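Structural overview for review
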Amino acid sequence: MTLKQKNSKYLLYLLIVLIAAGGFVFWQTNLSADPPLYFSGSGQSLSTDPYLYSHHARNKIIFGQWD
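Residues numbered from 1 in each chain as written. Predicted model: local features only at pLDDT ≥ 70, side-chain atom pairs only at ≥ 80, totals over all residues. Heavy atoms only, no water.

On to the overall build of the protein chain, then. On a plain count of helices and strands, the protein chain comes out with 2 helices and 0 strands. Relative to its 67 residues, the protein chain shows a buried fraction of 3%. As displayed, the protein chain has an accessible area near 6400 Å², and 66% of this comes from carbon and sulfur atoms. (Helix = DSSP H or I, 4+ residues; strand = E, 2+ residues; numbered from the N terminus. Buried < 20%, exposed > 50% of the residue type's maximum accessible area, 1.4 Å probe, protein only. Areas by Shrake-Rupley, 256 points an atom, 1.4 Å probe, with all protein chains shown as cover.)

Moving on, we come to a nonpolar patch on the surface. On the surface, Tyr 10, Leu 12, Tyr 13 and Ile 16 cluster together into a nonpolar patch covering about 450 Å² of accessible area. With respect to the element layout, Leu 12 can be found in helix H1 (residues 3–28). Residue Leu 12 is classed as partly exposed on the basis of its relative accessible area, which comes to 48%. (Patch = residues over 30% accessible without salt bridge, like charges linked within 9 Å, V, L, I, M, F, W, Y side chains within 5 Å. Salt bridge = Lys/Arg side-chain N within 4 Å of Asp/Glu carboxyl O.)

The end-to-end C-alpha distance of H1 is 37 Å, a good match for the 38 Å that 26 residues give at a rise of 1.5 Å each. Immediately beyond the C-terminal end of H1, within one or two residues, lies Asn 30, with a positive phi of roughly 60°. (Expected span 1.5 Å × (residues − 1).)

Rendered as C-alpha cells:
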C-alpha cells in the first residue's frame, strides 16, 4: 500500500468521524424545544403525540381536571 493510499484512507476515516460527531452535536442541541402551547399543527417528531392528543392528560396532571 502506498503512502498516498494510506493518507486517503485515514482522511476518509477522519471525515466519517467528523460527520458523525457533527450529527451527534446537532442531535443533542436544543432537546427541550417543543411546539408552543395550542399549536394546531403536528410537532417535529413523529414519535410524540401532537398537542391535541395530550391536551386533556396535561390538564389532568397540572390542574387535576381533565378539561
